[in-house]
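# Summary of the model geometry
Read off the chains here:
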Amino acid sequence: GLNFIDLMVRQGNIDNPPKTPLVPGFECSGIVEALGDSVKGFEIGDRVMAFVNYNAWAEVVCTPVEFVYKIPDDMTFSEAAAFPMNFVTAYMMLFEVANLREGMSVLVHSAGGGVGQAVAQLCSTIPNVTVFGTASSFKHEAIKNSVTHLFDRNADYVQEVKRISADGVDIVLDCLCGENTGKGLSLLKPLGTYILYGSSNMVTGETKSFFSFAKSWWQVEKVNPIKLYEENKVIAGFSLLNLLFKQNRGGLIKGVMDKLLNLYNSKKIKPVVDSLWALEEVKEAMQRIHDRGNIGKLILDVEKAPTPLMANDSTETSEAGEEEEDHEGDNDNKERMPFIQ
């Protein structure tokens, strides 16, 4: 699985990344080739998906058994590689942190991405949940049926939400950070929960930019605990990778995966795969995530041959990070991408 966090790792936008050379990637699917001496519950040949603390983008992957789960019979390998990060993150935020219940409302940014689509599907399993989503305008046609209300990510979504729901929303899920933090807090109803689970606005060009990082940081509204007390609002953060690999909550995540696989087997949720890429095409795949061109999850497939480039295609990546907003509606490069229908 290819996630936005992989782009942040490459750019150095995370704390204490491993020293190079390193193999990126935090989730994968495949067939069990070997077992540790004390491993029970799995056999060689089993179809599995797994979390990995780096090193997932490889032909052979090794990870502790507590991070490995069997794949349902009717789930494909590409769907399995798209499943763990997105759905566990969405489930934990909605049900473990924010306590989503019948009749509540949720605002989710990047509604067309992998987590955004997982959030929308999980919300549909609870009666009368209203989902507000923001996404680039060129994605609206493809995802309009997955959320209740959809807004352009560059529009004034605060006023649009308040026009529909004057009191605001119960839950805000923010993967952007920056100025969206203050906007999200302002939209919360009393007893509402704002959850930060990413900071994609701090990623602009091809390399880490101190200026873009500083700009996003200074746009974050400084949170006053007294104000939270007076307004009855909750602010929270969520990092699945820290929960798994630093805080040793693998047992908790296994319980969540069991619930999610039951929902999958009941045909209530299904991972959305945007496209498959050969390992040699990782540069172009990461550019697609950088430009927010994906709907659902991008997958690196070790068995896939690279797609031949057309004569007028360019493999050069964009270096104009400051012009990122201009790429939002630019579909010229997107039409070549090997979509899965």
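Quick note: structure is the one above.
Residues numbered from 1 in each chain as written. Predicted model: local features only at pLDDT ≥ 70, side-chain atom pairs only at ≥ 80, totals over all residues. Heavy atoms only, no water.

### Concerning the nonpolar core
Heads up, the condition is: For this analysis, a nonpolar core means a set of buried residues of the types Ala, Val, Leu, Ile, Met, Phe, Trp, Tyr and Cys, connected via side-chain atoms within 4.5 Å. Burial classification: accessible surface area is computed with a 1.4 Å probe over protein chains only, and a residue below 20% of its type maximum counts as buried, one above 50% as exposed, and the rest as partly exposed.
Residues Phe 51, Phe 83, Leu 122, Leu 173, Ile 253 and Leu 260 are the most contacted members of the largest nonpolar core, which totals 60 residues. Judged by nonpolar contacts, the second largest core, of 17 residues, contains Trp 57, Val 68, Trp 277 and Ile 289.

### A few points about the packing of aromatic side chains
For clarity, the cut-off: When the centres of two rings from Phe, Tyr and Trp lie within 6.5 Å, Trp using its six-membered ring, the rings pair. Their planes under 30 degrees apart give stacked, over 60 give edge-to-face, and anything left gives tilted. Numbering of helices and strands runs from the N terminus; a helix is a DSSP stretch of H or I covering at least four residues, while a strand is a stretch of E covering at least two.
Counted by the stated rule, this structure contains 7 aromatic pairs. For the ring pair Phe 26 and Tyr 54, a centre distance of 4.7 Å and an interplane angle of 55° mean the geometry is tilted. Linking Phe 26 in the loop between helix 1 (4-11) and strand 1 (27-31) with Tyr 54 in the loop between strand 2 (47-51) and strand 3 (68-70), this pair joins segments that are 28 residues apart in sequence. Comparing Phe 26 with Tyr 54 shows no difference in burial state: the two are buried. Each ring, one from Phe 51 and one from Tyr 69, has its centre 6.0 Å from the other, and the planes form 90°; the classification is edge-to-face.

### Overview of the sheet that holds strand 6 (residues 149-152)
The test is simple: Following DSSP output, two strands are said to pair if at least two bridges run between them. Fitting a line to C-alpha atoms yields each axis, with helices limited to the stretch in contact; the angle taken between N-to-C directions then spans 0 to 180 degrees. Contacts: residue pairs with any heavy atoms within 4.5 Å of one another.
As summarised here, the arrangement of the 6 strands in space is 6-5-4-7-8-9, forming an open sheet in which the pairing is parallel. The sheet is open, and its two borders are formed by strand 6 and strand 9 (234-237), each paired with just one other strand. Strand-to-strand twist of the sheet, defined as the mean angle between neighbouring strand axes without regard to direction, takes the value 15°. Alignment of strand 4 (residues 105-108) against strand 5 (residues 130-135), held across 4 bridges, turns out to be parallel. Across the sheet, the residue bridging to Ser 105 is Thr 130, located in strand 5. Sitting on the sheet, helix 4 (residues 114-123) is in contact with strand 4, strand 5 and strand 7 (169-174), with an inclination near 170° to strand 4. Seen against the sheet, helix 7 (residues 180-187) touches strand 4, strand 7, strand 8 (188-196) and strand 9 and runs at an angle of roughly 150° to strand 8.

### Quick notes on unusual backbone geometry
Peptide bonds are mostly trans, and most non-glycine residues show a negative phi. In this structure, Pro 21 follows Thr 20 across a cis peptide bond, with omega equal to 0°. Summarising the element assignment, Pro 21 is placed in the loop between helix 1 and strand 1. The phi dihedral of Asn 232 falls on the positive side, at around 55°, and the residue is not glycine.

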